[in-house]
Amino acid sequence: ADWVSERLTTFAVNVASIIPEGFEAYGRLFHPAHRGETPVSWAEVAAHNGCTVHPEMQWHTISGADFYEPGPPGGPWTEGPDVGSLPQDLTNILVDHLRSHTTTPESVWFATWNGWDGHRLDPRPGVLARLGKKLRPRLRRAGPLPPILELPARHYWLLHGPIEGALETMMSAGYEGFDPWWQSVNLWWPDDRAWFVSTDIDFAWTYVGGAQELIDELLAEPRLEILPATLTERITHDADRINASDPEDG
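Reading the values: the criteria
- Residues numbered from 1 in each chain as written.
- Predicted model: local features only at pLDDT ≥ 70, side-chain atom pairs only at ≥ 80, totals over all residues.
- Heavy atoms only, no water.
- Helix = DSSP H or I, 4+ residues; strand = E, 2+ residues; numbered from the N terminus.
- Buried < 20%, exposed > 50% of the residue type's maximum accessible area, 1.4 Å probe, protein only.
- Contact = heavy atoms within 4.5 Å.
- Areas by Shrake-Rupley, 256 points an atom, 1.4 Å probe, with all protein chains shown as cover.
- Pairing = 2+ DSSP bridges.
- Axes fitted to C-alpha atoms, helices over the stretch in contact; angles between N-to-C directions.
- pLDDT = per-residue confidence, 0-100.
- Arc of directions from axis to C-beta.

**Student:** What's the story with the overall build of the chain in this structure? I'm lost.
**Tutor:** Assigned secondary structure in the chain consists of five helices and 12 strands. Taken across its 250 residues, the chain has 49% of its residues classed as buried. Across the chain, contacts joining residues at least 24 apart in sequence account for 69% of those joining residues at least 6 apart. For the chain, the computed accessible surface area is about 11,900 Å², with 51% contributed by carbon and sulfur atoms.

Put into structure tokens, the structure is as follows:
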């Protein structure tokens, strides 16, 4: 995995901070908001608020709210998009597409951030984790921990397996009275490095890099809201200069 850190040219600046350079094309896959159980696209939210859809748009500029704030009365959404985790249904769709775009679908690398509370790889057995106002014991893990992948300001556990490994949640089922919940891996790529998927822990979107043919295929997938991306596009809070309403936002 050393090649990953060698190709990340910046930190917290632009797309090149999140996904390695060197791929032919990139896409920015937006995690949907929801109204009840119904997914709501960023484009729908932007249209409702008279905003422009473009590759650098930010959730707070098109919605007027933070990721974790509920939608306004009468608005198209009630819950904001998932942050730091590629939604499970979108992961299924990506796996279906990505499988045919690598020669090594049985040999894929997965990196999962080691800071998630309730992580099934948590190395601290027997301690208590706070969930809301309740304390629950962590699941005791047997066996050695995976190796650590160190990237700027992020440490990940590094796992290996077939591409279907992306369909497994990283959260533990070891809390009494709680069902397992979905948490995607954060980074994954095949052994032949034909593509790369990156979901940063602080963002409600995912980047995919690969051949132009792959990105074009994903752009044509009606179940995904995805726009072409370039490595120089900004990712910061003030990145959306088109929809910014506050002068301090750029």
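Moving on from the coordinates now.
**Student:** Explain the sheet that holds strand β11 (residues 205–210) to me, please; I cannot follow it from the model alone.
**Tutor:** Read from one edge of the open sheet, eight strands run β7-β8-β4-β9-β10-β11-β1-β12, paired in antiparallel fashion. Strands with a single pairing partner mark the edges of an open sheet, and in this sheet they are β7 (148–151) and β12 (226–229). In this sheet, neighbouring strand axes are inclined to one another by 20 degrees on average, regardless of whether the strands run parallel or antiparallel. With six bridges connecting them, strand β4 (residues 108–113) and strand β8 (residues 154–161) associate as antiparallel partners. Its bridge partner lying in β8, V108 is registered against G161.

**Student:** Teacher, can you tell me more about the confidence of the model for the chain here?
**Tutor:** For residues with low pLDDT, the predicted coordinates do not support detailed interpretation. Looking at the chain as a whole, the pLDDT averages 89, with 86% of positions reaching at least 70. Here residues 125–139 scores under 50 on pLDDT; set against residues more than four positions off or in separate chains, the count is 31 contacts.

**Student:** In this structure, what is going on with the pairing of strand β1 (residues 25–30)? I would like to understand it.
**Tutor:** It is a general feature of regular strands that their side chains alternate between the two faces of the sheet. Where burial is concerned, most of β1 is hidden: six out of the six residues are buried. Alternating residues of β1 divide into A25, G27 and L29 and Y26, R28 and F30, and every residue in both groups is buried. In this structure, β1 lies alongside β12, joined through four bridges in antiparallel fashion. Following the sheet pairing, G27 is matched in β12 by P228.

**Student:** Is there a simple way to think about helix α5 (residues 212–219) in this case?
**Tutor:** One turn of an α-helix holds 3.6 residues; hence residues three or four places apart share an orientation. Along α5, the positions that sit buried rather than exposed are L214, I215 and L218. One side of α5 holds all its buried residues, which, seen down the axis, span an arc of 95 degrees. Where α5 is buried, its residues touch β1, α4 (88–98), β11 and β12.

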